[in-house]
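Structural overview
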Amino acid sequence: MTLQVLYLAHDLADAAIRRRVLTLKAGGADVTVAGFTRGRNLLASEADIASIVLGETADARFIQRIGAVASARMTLRAKLAAVARPDVIIARNIETLALAGAAADLFGGETPIVYECLDIHRLLLDEGIKGQMMRAAQRRLGSRAKLLITSSPAFVENFFKPLSGLDLPILLLENKVLALDGGPADKAVRPVMPRPPAAGEPWRIGWFGAIRCAKSLRILIDFADRMDGKVKIVLRGRPAHSEFSDFDALVAAAPHVEFHGAYRNPEDLCEIYSDVQFTWAIDFFEEGLNSDWLLPNRLYEGSLHGAVPIALATTETGRFVAGRDMGVTLDAVTPQALQALFSTMDVELYSQMFSRLAAIDRGQWVTDAADCRALVARLGALHKDLPPPAGMPALPTVQSRGVVMVSREPSHAPVNDAVSVSGIAADLPKDPAPAAAAAVSMKPVGRPMGAAYNFPVADDPRTLIVIPCLNEAATIDPLIRKLDQQRQGYDVLIVVADGGSRDGTQDIVKALAQEISGVVLLDNPKKIQSAAINLAVRRFGDDRDYLIRIDAHGDYPDNYCRALIEEAKALQADSVVVGMETVGFGTFQKATAIAQNSRLGNGGSKHRAGGGGQWIDHGHHALMRIAAFLAVGGYDETFSHNEDAELDYRLRAMGFRIWMTSKTYMTYYPRSSAAALFRQYLGYGRGRARNLLKHRSIPKVRQAIPLAVAPVVIGAVLALLYWWAAVPFVLWAAACLGYGFWMAVGHRNPYGPLAAVSAMIMHFAWSAGFWLELIGIRKRSVA
């Protein structure tokens, strides 16, 4: 069944409205648009999109808009008479939210309403009686909504959570460029080389889109005059003439400023952005309020096409730019500060900036067909009688106030001091304009960890335990019985996600499900653990607060689940991880356990070394808030190994907090043969390499040292020709074996020498896996 959407638009001339409608269409929905005009109806030329004009409104004339809405309310039945019953009504901005309830009533009253708010009007933030009345009106009008869509985490942090009074699940959709198959943005190729101006030509700064900031225009005109032809300002888009005394006259009188009119989005983006080196991503319209919190269209459009953004450091845009080290952030925006920056701008500095920007994955800037389908699936989930589109499972609803990302990659990423960022230092003149020079910064902007998100959890949280397994008949029965005993009054659902066991595991779980309530067997056709947990959360995580991940081949203390839940509640942690005590039984397994518990085998990893009671970057996954898990998109199912570290990277990048508990731990049983151990660590090495490549991060020292092992072992073959080629191999082997004998003597552990052999297998396999992945030798299939 096709999702029928009625989209109530505040301005049919807004390119963002056209983009959203095309997004819904690309996701498989049928869309009817009804809205107001403030100029040309951009949807009138779209043959397969019905658009209904409800009236005319004027920019910056709020009272007139209220009258237009009231008038439209009286004619709404007649205007929508020919519209098929919608499955979802989307109301863009508060003025159309005032019509959404009436529209729903016309179709029976059960149609779910979605409130889409991508700008916070100044009246909603007024501290006086006008603001109180506006917020009360929004609460009243939004009381029937089922979902809130917004475009920036700062809107959530600064308005929707503390001030709006709306208690809705939140879907964060950034203002990305729509890149459909075969469309102009899809065909756009990211520039592979910088495009500095030719000799004697000026640097070009593009300010495209909604041109509504008179302060920006004054600053840019003054700055361009000071540069005396060395900088050109290029304007394209829709000027808000109500904000300028005489826009046309101002531009005509400025010799270094050009205005080239409107453009089509996304059709003309590549052409207009390829003509400039920099994007003006600063907006003082509603300064200190909406403009400080938004992430504008031009940020994504310019970055996709290689135009380096210029942003104000104290805004959400500035934090976005600084956190990705992808442009220029200014502590103060003045003609003098811009002059100081561009007086030192040369091809080398610009090329460095461009290279940083071009290195960012294209997915950060575009909404593709998969994203469109995910959005429609999420909207379809609001309609209880409508199944999700074919091949696209309905996304779970976050019941608590939270943010769900519809994105392949984590975006907006609130920056915190713990995130590793490499920066470009601006080489400004040491004296010519010291005050102006001091105002320019390209350093990351700090933010308290977790500041962008706060998912409240009930005093009596509901928990989902997921056990990915494959052929675990020997351990699954006692494990489930132990977990059942740990419920102790908590509402806990235990899901065993089986990857196709053939040893009787499924029969055991089915029998237990008949005996013990709250035990479910789930088929995991993709087999790998990351897919198992994602599937379980999609299927059963809708109304649950916490996810606990259990390894079927591990063992756990009697207080394990309770300790995790109590730690998460007490510390408001987004994730609680545990230390691992590795235990073996056979000779080789015991030796491997000793190696994995030692610095020789774990390199000082905190979750292997027994550290606890601290905030960390990564640990063995135990408990996670489902809201946080969903906010970063769950596990990346292309990872068969190291999926936990990859997810932790995204959690940290988005400001979530990971607590390493000292209150409990897990017991891990290592592989019992050298071949199995080698295969395991070969996968770990591949996973770590994929993780670093995906996020373009730098390995830690304890990860970088083992990288040399595979080259050292391979290089030892050259000893047949050059004896000295064996020296690195001999030193490495001697160090490992020496450590093993030291454990045997100093710790009175007879397995020490064999533990050294296990450690050498782990070192070599991890290093080999890393290099194989790095140079592009892929596995044929995922084990």
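Look a little higher up for the structure.
None of the values given here were measured: they were computed from a predicted structure. (Residues numbered from 1 in each chain as written. Predicted model: local features only at pLDDT ≥ 70, side-chain atom pairs only at ≥ 80, totals over all residues. Heavy atoms only, no water.)

1. Some points on the overall build of the chain
When helices and strands are counted, the chain shows 30 helices and 26 strands. Total accessible area on the chain is roughly 31,900 Å²; 55% of this is exposed by carbon and sulfur atoms. (Helix = DSSP H or I, 4+ residues; strand = E, 2+ residues; numbered from the N terminus. Areas by Shrake-Rupley, 256 points an atom, 1.4 Å probe, with all protein chains shown as cover.)

2. Examining the packing of helix α1 (residues 15-26) against helix α15 (residues 369-380)
Their axes nearest at 7 Å, the elements α1 and α15 cross at an angle of 85 degrees. Judged by the angle between their axes, α1 and α15 are roughly perpendicular. Of α15, the residues touching α1 (which contributes Thr-23, Leu-24 and Ala-26) are Cys-372, Arg-373, Leu-375, Val-376 and Leu-379. Split by residue class, the contact of α1 with α15 holds six nonpolar, one polar and one charged. (Axes fitted to C-alpha atoms, helices over the stretch in contact; angles between N-to-C directions. Parallel < 35°, antiparallel > 145°, perpendicular 65-115°, else oblique. Contact = heavy atoms within 4.5 Å. Nonpolar A, V, L, I, M, F, W, Y, C, P; charged D, E, K, R; others polar.)

3. Things to note about unusual backbone geometry
Even without a glycine there, the phi angle at Asn-471 is positive, about 55 degrees. Along the chain, Asn-471 falls in the loop between β18 (462-469) and α17 (476-485). Here the phi dihedral of Lys-527 falls at roughly 75 degrees; this positive angle occurs in a residue that is not glycine. In this structure, Lys-527 sits in the loop between β20 (519-523) and α19 (529-540). Residue classification places Lys-527 among the partly exposed residues on the basis of a relative accessible area of 49%. (Buried < 20%, exposed > 50% of the residue type's maximum accessible area, 1.4 Å probe, protein only.)

4. Structural notes on the packing of aromatic side chains
Tallied over the full model, the rule gives 20 aromatic pairs. Between Phe-320 and Trp-365 the ring centres are 6.1 Å apart and the planes differ by 50 degrees, which places this aromatic pair in the tilted class. With Phe-320 in helix α12 (residues 316-324) and Trp-365 in the loop between α14 (347-358) and β15 (366-367), this residue pair connects regions lying 45 residues apart in the sequence. A ring pair is formed by Phe-629 and Tyr-635, whose centres lie 5.5 Å apart and whose planes are at 70 degrees; its orientation type is edge-to-face. Tyr-635 shares its class with Phe-629; the two are buried. Counting every residue linked through ring pairs, the aromatic cluster contains Trp-203, Phe-223, Phe-278, Phe-342, Tyr-350 and Phe-354. Sitting above the plane of the Phe-320 ring, Arg-324 keeps its charged end 3.8 Å from the centroid. (Phe/Tyr/Trp six-rings, centres within 6.5 Å; stacked < 30°, edge-to-face > 60°. Lys NZ or Arg CZ within 6 Å of the ring centre and 35° of its normal.)

5. Notes on the environment of Glu-271
Looking at the element boundaries, Glu-271 is found in helix α9 (residues 269-273). When its relative accessible area of 60% is taken as the criterion, Glu-271 is described as exposed. In the structure, Glu-271 is positioned 34 residues away from His-305 in sequence and 9.0 Å away in space, judged by C-alpha atoms.

6. Quick look at the pattern of salt bridges
The tally for this structure, following the rule as stated, stands at 29 salt bridges. A salt bridge links Glu-174 to Lys-176; the shortest N-O distance between them is 4.0 Å. On the accessibility criterion, Glu-174 (8% relative accessible area) is buried. Accessibility expressed as a relative area gives 7% for Lys-176, which makes it buried. Close ionic contact of Asp-222 with Arg-226 constitutes a salt bridge, the shortest N to O distance being 3.1 Å. With Asp-222 and Arg-226 both in helix α7 (residues 214-227) and four residues apart, this pair spans about one turn of that helix. Taking the relative accessible area as the measure of exposure, Asp-222 reaches 31% and is therefore partly exposed. Connected through shared salt-bridge partners, Arg-204, Lys-232, Glu-258 and Asp-275 make up one network. (Salt bridge = Lys/Arg side-chain N within 4 Å of Asp/Glu carboxyl O.)

7. Side note on the side chain of Arg-135
Within the secondary structure layout, Arg-135 lies in helix α4 (residues 129-141). Ignoring anything within four residues of it in the chain, the contact list for Arg-135 reads Leu-124, Leu-125, Asp-126, Phe-159, Leu-163 and Ser-164.

8. A few points about helix α11 (residues 297-304)
Since the α-helix packs 3.6 residues into each turn, any two residues three or four apart lie on the same face. Most of α11 is tucked away: seven of the eight residues are buried. Residues of α11 that are buried: Arg-298, Leu-299, Tyr-300, Glu-301, Gly-302, Ser-303 and Leu-304. After α11 finishes, the residue Gly-306 shows a positive phi value of roughly 80 degrees.

9. Quick look at the nonpolar core
Core analysis: the biggest nonpolar cluster contains 60 residues, and Phe-278 and Phe-342 have the highest contact counts within it. It is α7 that provides the largest number of residues to this core, a total of seven residues. Contact partners of Phe-278, with chain neighbours within four places excluded, come to Trp-203, Arg-204, Ile-205, Gly-206, Ala-307, Val-308, Ile-310, Phe-342, Met-345, Tyr-350 and Met-353. Ile-89, Leu-97, Cys-117 and Leu-294 belong to the second largest nonpolar core, which has 42 residues in total. (Core = buried A, V, L, I, M, F, W, Y, C linked by side-chain atoms within 4.5 Å.)

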